[in-house]
Amino acid sequence: MGGPLVDIEGYPRADIDLYQVRTARHNIICLQNDHKDIMKQIEEALHQLHAQERERRAKGEVEAAADRMETEQSIEQPFAKVDTVTPGSPASISGVQVGDEIIEFGSVNSQNFQNLQNIAVVVQHSEGKPLSITVLRSGQKVHLGITPQRWSGRGLLGCNIVPLQR
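So, a few notes on the structure that sits alongside this text. From a predicted model like this one, the values you see are computed outputs, not experimental measurements.

Quick notes on the rules
- Residues numbered from 1 in each chain as written.
- Predicted model: local features only at pLDDT ≥ 70, side-chain atom pairs only at ≥ 80, totals over all residues.
- Heavy atoms only, no water.
- 1 Å grid on protein atoms, 1.4 Å probe; cavity = no way out; pocket = protein on both sides within 12 Å on 5 of 7 lines; lining within 4 Å.
- Points joined across faces, edges and corners; volume = space filled by probe spheres on them.
- Nonpolar A, V, L, I, M, F, W, Y, C, P; charged D, E, K, R; others polar.
- Helix = DSSP H or I, 4+ residues; strand = E, 2+ residues; numbered from the N terminus.
- Pairing = 2+ DSSP bridges.
- Phe/Tyr/Trp six-rings, centres within 6.5 Å; stacked < 30°, edge-to-face > 60°.

This part is about empty space enclosed by the protein. Here the structure, examined in full by the defined rule, presents 1 cavity of 30 Å³ or more. Along the walls of the largest cavity sit V82, V96, I102, F105, I133, V135, I146, L157, C159 and I161, which together make up its complete lining. Among the residues making up the lining of the largest cavity, the classes are represented as 10 nonpolar, no polar and no charged.

Okay, unusual backbone geometry next. At S138, a residue that is not glycine, the phi angle is positive and equals roughly 55 degrees. With respect to the helices and strands, S138 occurs in the loop between β4 (131-137) and β5 (140-146).

In terms of strand pairing, β4 meets β5 through 7 bridges, oriented antiparallel. Paired with T134 across the bridge in β5 is H143. A loop of 2 residues connects β4 with β5, the two strands running antiparallel in sequence, and S138 in this loop sits at a positive phi of about 55 degrees.

Before going further, it helps to spend a moment on the layout of surface pockets. For the largest pocket, the calculated volume is near 400 Å³. For the lining of the largest pocket, the secondary structure elements donating two or more residues are α4 (116-125) and β6 (159-163). Ranked by the residues each element gives to the lining of the largest pocket, the list is headed by α4, at 5 residues. Its residues placed into classes, the lining of the largest pocket shows 9 nonpolar, 5 polar and 1 charged.

The next thing to look at is the packing of aromatic side chains. Applying the stated rule across the entire model yields 1 aromatic pair. With a centroid separation of 4.6 Å and 35 degrees between ring planes, the pair formed by F79 and F113 is classed as tilted. Taken together, the residues F79 in the loop between α2 (61-75) and β1 (80-85) and F113 in the loop between β3 (108-109) and α4 connect sequence positions 34 residues apart.

Any functional reading would require information that these geometric values do not contain.
Following this line, the structure appears as structure tokens:
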């Protein structure tokens, strides 16, 4: 890599392809510079990550607990309600009841719920796979598991869900 490209008298060596050696050296140096730059970016990102973690820990357990409580309260707001449940449907078999207020439906919660299409997408992508639902029933939080699937009635669940007015 660092050997001379000229002979004792200063003329280019005849036993090597000078152009190819210089191009290879140039490419290697460029790759080394790219590697150094990437390593520097990784180092800076790690420093930032660890600094954020230190700040979070320094924030204190009391404030962290208060933040968790605030987050849990904001997330646990119901966003939809079960209007009807057809007997013998996957919803009925899973224990879903009329009047259940939905707090969480798979990955959908009050924070990211926009319309019923959000729930429809989750149901379609979860056909044949178990899905976790959290509902508010008579003031109590109830966790249910439902598997959207084809059955003799309409839809994959067999229940009607309506959005709650905020």
